[in-house]
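Structural description and commentary
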Amino acid sequence: MSSLEVVEKKNRYGKSFKSFLNEWMILILFIALFLISVVSLPKFRTTRNIMNILRQASFISIIALGEFFVILIGNMDMSITSIIGMTSIYFSGMVANSGVPVFWAILIVLLLSAIVGVINGMLTVYGRMPSFIGTLTVMNILKGIYFIYSKGLPISGLPESFNFLGAGYIGVIPFPVILMLVVALILHIFTQHTEMGRSFYAVGGNIEAAKLSGINIKFISVFAFVICALLSSIGSLGLTSRSLSGNVMIGENLLFDVMTIVVLGGTSLTGGRGKVFGVVIGALFLQVISNIMILMSVNTYWQWVVKGIILIVVVVIDANSKHD
Amino acid sequence: MAAENLIEVRNCTMVFPGVKALDNVDFTLLAGECHGLVGENGAGKSTLSKCIIGDYRMSEGQLFVKGEEIHIPSYTVRKSHEMGIAIVHQEFQLMEDLNGLENIFIGRYEKRGPIIDWKKLQKKGEELLEYLQYDLDLKVKVKHLRTAEKQIIQLAKALLDNPDVIIFDELTAVLQEDGIQNIFRIIDLLKAKGIGIIYISHRLDEIFECCDRYTVLCDGKYVNSGFVKDIDKGELVKMIIGRELKNVYPPKSEQFGDLLLEIKNFTSPTSFRDVNLEVRAGEVVGISGLLGAGKTELLHAIFGNHKLVSGEVLIKGEPVKIRNPQQAIKYGLGVIPDERRLLGLNMLFNIRDNTTLASMKFFKKWKVFQNHRKEAEAALEINKRLNLRYHSLYQLVNKLSGGNQQKVVIAKWMLRNCDVFLLDEPTRGIDVGAKFEIYSLISELAKAGKGVILVSPELEEIIGLSNRVYVMYEGKIMDVVEGENITQEVIIQDLLGVVEA
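Focus: the overall build of chain B
Broken down by element type, chain B carries 17 helices and 24 strands. A globule of 501 residues ought to have a C-alpha radius of gyration of about 23 Å, and chain B, at 25 Å, matches this closely. C-alpha atoms of chain B, sized along the principal axes, occupy 70 × 55 × 50 Å. Scored against the burial criterion, the 501 residues of chain B give a buried share of 57%. Considering only contacts in chain B between residues 6 or more positions apart, those separated by 24 or more positions represent 67%. The distance from the centre of the 64 positive side-chain charges to the centre of the 70 negative ones in chain B is 8 Å.

Structure below.
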C-alpha cells in the first residue's frame, strides 16, 4: 500500500494483456483477415478495390455509429431502415419535384429525422415501451407515410453536383471515407472526453446508479435516439447521392448489417460497453468479408448465410465472455 | 438423542489457482446443535460450506457425513443432497411470478399421470408450514410476499427432503429484527428435532443469541472453536480480525452548527405520512424502523427520487423544490443507497469513473472536455483518504470487496463535496473490519461539519452513531430520541409500535 503511486503508474490502464485482447479482438481479427486476403487474393490488393471497400464501409459505419449510441444505453432502434428510406424519398422529392435547394432540403430532412428520434426516445422513456417494439412500430408508420408520398416509386432527377457526397474524391481518397473518419473522430472525442458522452456509458451500465448520481437519464436516453436518427439520415443522404435518386428500398437490408457491425465492434447488447472506433473496425471487417465473397463470386443468398453465421458467433462469444 | 458428529471435516485444504482459500481446517457439527461459522469476508466461510455441500471438492482432507467417509473425487451437490445436507441462501433463489407453493415444489411436483396434483401439493405445503409454525398463504405470488416470508418459502423448500443438516448462509442479512427472531424460533424448532445447523452470519449478536458452538476462520485458517457460552463478544471479535478492537464506535461529535436540511409534512402516496425531520451540521441523524416502515422510501423522497403527495424542504433555511436527484445534488445532498450493486455503482466502470460520476462538471478542460488526469488525481486522493484497497484506479469496481465498493460510493459524494449525506444501510453485507472503517468515516464526516442521515436495520449501529434517532413505524415517526435517551429499550418499544399510555 505504501507504493501506491508506483503501482498506479505501472498499472496505468489496469488492464492485463488478456483484457486488451478481449477489447480489441476485432482489430486483430481484421488485420489478420486483411493480411490473408492481401496475400492470397490478387484482385483484392489493388488500390481501387481497397478504396472501394473503404467507400462502401463509410456510410454504413456512419449509420452503425448512430445505432451504437442506442445500443450503448441498452436499447435498440429498429426504425433506422425507415429513417433512411424517409430521408432518401423526401430529400429527392423536395429537390427533384419541388425545386427546394439542396442545402435547405438537407436541413429539412435532418430536422425531420431528429423529430423521429425524439419520438422514438419519448416512446421508450415516457411511454415506457420496450424500444424494440416502439421503434418497430415507428418503422412501419414511417414506411407507410413515405410510401403514400412516393407511391413506392423511385424519384430521380437530383443534380449531378450532389453526387460528390457519395462518389467524390479528394486526391485519391474518396470523400465519404474522409467524412466517416471525421464523424468517427468527433464521436470518439464526444464519448470519451465529454461529460455528456460519458453519461451514455453511465446510463447503459446502470441506469439507476446514473440517476442517483445526478445524470439526466431521460434526456440522455432521448438524445441517443436523436443521434441515431441523425446519423442514419446522413448515411441515407450519402447512399442517395451515389445513385442520384431517392429510393424507398434503399435501407431495406441494412438493419441486419448495422446490428452485425455494432456487435462486431465490441458493443455489448445489454448496454454500457463499446467504442466508436470498434464500430468503425466492425464495419470494415464486414465490408472486407463481403468484398472477398464478391471477388470469389459467392452469390448474394450465400452471403446472407455467411453474415448470419458471423453474427451468431460474435454474439455467442460476447455473451459467454461475461460468464467468468 | 445422543449427540453424534453429523459432519466432520478433517484437515481440509482448498487450493484455487494462486490462492489457498482454506488451509488445514477442522470442523465438526453435532446433531441438534446450531454451530456458528464466523470470520471476515474472504475468511473461507462460504468456501468451507461449499466443500461440505459438494459444490467444491476439497484439495486435501477428509469429510465424514454421519460417520461415513465421503469419497471426495465423486462428491457432488446432488450426492450431498441425498445424504441429507441442505443449504438456504441469503439471496432469493425464487421465481417471483410463481406462487409460494410452486416455488417450494418446483421440479418435484406430485403428479397423477402427467397432471400435477395441486391438492396433494397444497396439503404437503401446509404440513411444512405447520412444521415451521408459520402462517402464510401459499397461493400468493412470491413477489407480493415480504422478505421474511420469502425466507420461510426458501426454508420450506430446503426442508422438503427431511435434511439432517441445514446450512444457513447469511440468511438474516436481509431480514429485520422481527424476521430474525422468527428465524431463531425456527432454529430452536429444528434443533429439537435433532437437525444440525451451520449458521453463517456477519452479525455477531446473532451468534450469541442462537448458536451453541462457534468456529472462527481467519484468512482461510482455523482459529478456534468452542462453546459460545464460554466467550464474550470482544473475544470473538479479536479472534475474527486477529486483533483487539476497543472502541467499536468512535466518540460522537457534540459540536452542531446551523440547520442544513429540514423536511416538513412529507407524505408519500403509500409509504409514509407527515414526516418532519431536521439535520444540523455535524450531526448524525438515525432513522430506525422495521422493514416496510418506509425508511428507504423516505430517504429517496428527500433525494427527489420518490413520489410525494405533500411536503416542504428547507435547505439552510431556504425553502426549495427538489423534484429529481439532479436538483437534490445541486442543493448539496448525496445518497449512498442500500443496494450498492444495483443503485450505487456502475459495475462496468472503473474506480475512477465511479468516483467522479457525480462531479464530472468540476473537471473540465476548456469548459467542454473532461480532464481525465485531474479526475484521476482527485479520485486517487479521496480514495486514499478512505483507505481503499485496490490495485489501480482503472480497475473495474466489480472485483472489489463489498466494503471497498461501499467506500467508492462514499468517495463519489465526498468528491462532490456534499453537505448532507443520506446513508441507507451503509454496512449491509460488509465484514466486521470494513464496518468499523465505515463507522469512523461517518463520524469524520460529521466532524467535518457535514450532516448525516443514517438508515439502518441494525439497532446497535443506530445507537452507536446517532446524535438523534427518529423511530418510524408503518410510515409515521413514532418518536424522536436524543442524546442519552438513545437506548435499545426505548427504540425497540417504538419500533414495535408500543405506545405508552
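More follows now that the structure is in view.
Notes on the overall build of chain A
In terms of helices and strands, chain A carries 14 helices and four strands. By the compact-globule yardstick of 20 Å for 324 residues, chain A fits well, its C-alpha radius of gyration being 21 Å. When the backbone C-alpha atoms are referred to their principal axes, chain A occupies close to 75 × 55 × 35 Å. Put simply, 77% of the contacts in chain A that link residues at least 6 apart link residues at least 24 apart. Counting only carbon and sulfur atoms, one obtains 71% of the accessible surface of chain A, whose full area is about 15,000 Å². Looking at chain A, you have 20 positive and 12 negative side-chain charges, and the mean spots of the two groups are 5 Å apart.

Quick notes on the pattern of salt bridges
When the charged atoms of two side chains lie near each other, side chains of opposite charge can form a pair. Evaluation of the coordinates by the stated rule reveals 30 salt bridges over all chains. Among the ionic pairs, Lys233(B) bridges to Asp205(B), the shortest N-O distance being 3.2 Å. Taken together, the positions of Lys233(B) in helix α8 (residues 233-241) and Asp205(B) in helix α7 (residues 204-210) put the pair 28 residues apart, joining distant regions of the chain. The exposure class assigned to Lys233(B) is partly exposed, which follows from its relative accessible area of 30%. The network of salt bridges with common partners includes Arg198(A), Arg352(B), Asp353(B) and Glu375(B).

Topic: the side chain of Asp338(B)
Topologically, Asp338(B) is positioned in the loop between β18 (333-336) and α11 (340-344). With residues up to four places along the chain from it excluded, the contact list for Asp338(B) reads Thr296(B), Leu343(B), Asp424(B), Glu425(B) and Arg428(B).

Concerning the confidence of the model for chain B
The share of residues in chain B with pLDDT of 70 or more is 96%, and the mean pLDDT across the chain is 86. This prediction of the complex comes with two scores: 0.78 for pTM and 0.79 for ipTM.

What to know about the packing of helix α14 (residues 402-415) of chain B against helix α15 (residues 432-447) of chain B
All names here are of chain B. Interaxial distance between α14 and α15 falls to 10 Å at its minimum, and their mutual angle equals 15°. Put simply, α14 runs roughly parallel to α15. For the pair α14 and α15, the sense of crossing is left-handed. In contact with Gly403, Gln406, Lys407, Ile410 and Met414 of α14, α15 contributes Ala434, Glu437, Ile438, Leu441 and Leu445. Split into classes, the residues belonging to the contact of α14 with α15 amount to six nonpolar, two polar and two charged.

Overview of the sheet that holds strand β13 (residues 259-267) of chain B
Residues and elements named next belong to chain B. Pairing in this open sheet of four strands is antiparallel, and the strands run β14-β13-β16-β17 from one edge to the other. In the strand order of this sheet, the two ends are held by β14 (275-280) and β17 (318-320), each with one partner. The mean angle between the axes of side-by-side strands here comes to 20°, regardless of whether they run parallel or antiparallel. Those strands touched by helix α9 (residues 295-302) are β13 and β14, and its axis lies near 120° from that of β13.

Quick look at the domain arrangement of chain B
All names here are of chain B. According to the domain assignment, chain B consists of domain 1 (5-241), domain 2 (250-332 + 418-501) and domain 3 (340-412). Taken together, the contact pairs eleven residues of domain 2 with ten residues of domain 3. Together, the buried faces of domain 2 and domain 3 total about 810 Å²; carbon and sulfur atoms form 65% of this surface. Looking only at domain 2, the three residues that lose the most surface to domain 3 are Glu437, Ile438 and Leu441, adding up to 47% of its buried area. The interface formed by domain 2 and domain 3 holds two salt bridges in total. The residue glutamate 437 makes a salt bridge to lysine 407 at a minimum N-O spacing of 3.0 Å. Across the domain 2-domain 3 interface, the total number found is five residue pairs in polar contact (both at pLDDT 80 or more). By residue class, the composition of the side of domain 2 that touches domain 3 is six nonpolar, two polar and three charged.

A word on the sheet that holds strand β23 (residues 468-473) of chain B
Residues and elements named next belong to chain B. Read from one edge to the other, the open sheet built from six strands follows the order β18-β21-β22-β15-β23-β24, with strand pairing classed as mixed. Strand pairing shows two members of the sheet lacking a second neighbour, β18 and β24 (476-482), which therefore form its edges. With strand direction ignored, the average angle separating the axes of adjacent strands in the sheet is 20°. Bridge count between strand β15 (residues 284-289) and β23: five bridges; the pairing is parallel. Each bridged residue has a counterpart across the sheet, and for glycine 289 the counterpart in β23 is methionine 472. Here α9 sits on the sheet in contact with β15, β18, β21 (420-424), β22 (451-455) and β23, set at roughly 150° to β21. Against the sheet, α15 touches β15, β21 and β22, its axis set at about 150° to β22.

Remarks on helix α4 (residues 118-132) of chain B
All names here are of chain B. Here α4 contains 15 residues, and its C-alpha end-to-end distance of 21 Å stays within 8% of the 21 Å for a straight helix at 1.5 Å per residue. Those residues of α4 that are buried lie in contact with α3 (100-105), β8 (115-116), α5 (147-159) and α6 (177-192). Phi for glutamine 133, located one or two positions after α4, is positive at around 50°.

Quick notes on the packing of helix α5 (residues 102-125) of chain A against helix α6 (residues 131-150) of chain A
If you want to describe how two helices pack, look at the angle between their axes and the distance between the axes. Residue and element names in this part refer to chain A. Taken N-terminus to C-terminus, the directions of α5 and α6 make an angle of 145°; their axes are 9 Å apart at the nearest point. Note on packing geometry: the crossing formed by α5 with α6 is right-handed. Residues Val116, Ile119, Asn120, Leu123 and Thr124 of α5 pack against Ser131, Gly134, Thr135, Val138 and Leu142 of α6.

Some remarks on the packing of aromatic side chains
Applying the stated criterion across every chain yields a total of 19 aromatic pairs over all chains. Taken together, a centroid distance of 5.9 Å and an interplanar angle of 65° make the contact between Phe190(A) and Phe200(A) edge-to-face. Of this pair, Phe190(A) sits in helix α8 (residues 175-193) while Phe200(A) sits in helix α9 (residues 195-205); the two residues are ten residues apart in sequence, bridging distant segments of the chain. By the ring-pair criterion, three or more aromatic residues cluster together here, those being Phe68(A), Phe69(A), Phe190(A) and Phe200(A). We note Lys229(B) situated over the ring of Phe227(B); from NZ or CZ to the ring centre the distance is 4.5 Å. Sitting over the ring of Tyr331(B), Lys330(B) keeps its end group 5.5 Å from the ring centre.

Here we look at the interface of chain B and chain A
Contact with chain B, which involves 37 residues of that partner, is made by 31 residues of chain A. Between chain B and chain A lies a buried interface of about 2,800 Å² when both sides are counted; carbon and sulfur atoms form 58% of it. The interface formed by chain B and chain A includes two salt bridges. Taken together, the links from chain B to chain A amount to twelve residue pairs in polar contact (both at pLDDT 80 or more). Split into classes, the residues belonging to the side of chain B that touches chain A amount to 21 nonpolar, nine polar and seven charged.

Quick notes on α14(B)
Residue and element names in this part refer to chain B. For α14, which comprises 14 residues, the first-to-last C-alpha distance of 20 Å matches the rise-based estimate of 20 Å (1.5 Å per residue) to within 8%. A large share of α14 lies buried, amounting to 14 of its 14 residues. Just beyond α14, the residue with positive phi is asparagine 417, at close to 60°.

As for the nonpolar core
Of all hydrophobic cores here, the largest spans 134 residues; its most connected members are Phe168(B), Leu261(B), Leu298(B) and Trp413(B). Of all the elements, α15(B) adds the most residues to this core, at eight residues. Dropping the residues within four chain positions of it, Trp413(B) is found in contact with Leu212(A), Ser213(A), Phe303(B), Ile329(B), Leu333(B), Gly334(B), Val335(B), Ile336(B), Ala358(B), Cys418(B) and Phe421(B). Listed in part, the 92 residues of the second largest apolar core include Ile71(A), Ala210(A), Val280(A) and Met293(A).

About the cut-offs
Residues numbered from 1 in each chain as written. Chains lettered and ligands numbered in written order. Predicted model: local features only at pLDDT ≥ 70, side-chain atom pairs only at ≥ 80, totals over all residues. Heavy atoms only, no water. Helix = DSSP H or I, 4+ residues; strand = E, 2+ residues; numbered from the N terminus. Rg over C-alpha atoms; globule rule 2.2 N^0.38 Å. Buried < 20%, exposed > 50% of the residue type's maximum accessible area, 1.4 Å probe, protein only. Contact = heavy atoms within 4.5 Å. Lys, Arg positive; Asp, Glu negative; His and termini not counted. Charge placed at Lys NZ, Arg CZ, Asp CG, Glu CD. Areas by Shrake-Rupley, 256 points an atom, 1.4 Å probe, with all protein chains shown as cover. Salt bridge = Lys/Arg side-chain N within 4 Å of Asp/Glu carboxyl O. pLDDT = per-residue confidence, 0-100. Axes fitted to C-alpha atoms, helices over the stretch in contact; angles between N-to-C directions. Parallel < 35°, antiparallel > 145°, perpendicular 65-115°, else oblique. Left-handed = near helix turned anticlockwise from the far one by under 90°. Nonpolar A, V, L, I, M, F, W, Y, C, P; charged D, E, K, R; others polar. Pairing = 2+ DSSP bridges. Domains from an automatic or database assignment. Buried area = accessible area lost by both parts, 1.4 Å probe. Polar contact = N/O pair within 3.5 Å; in protein donor to acceptor, adjacent residues only side chain to side chain. Expected span 1.5 Å × (residues − 1). Phe/Tyr/Trp six-rings, centres within 6.5 Å; stacked < 30°, edge-to-face > 60°. Lys NZ or Arg CZ within 6 Å of the ring centre and 35° of its normal. Core = buried A, V, L, I, M, F, W, Y, C linked by side-chain atoms within 4.5 Å.

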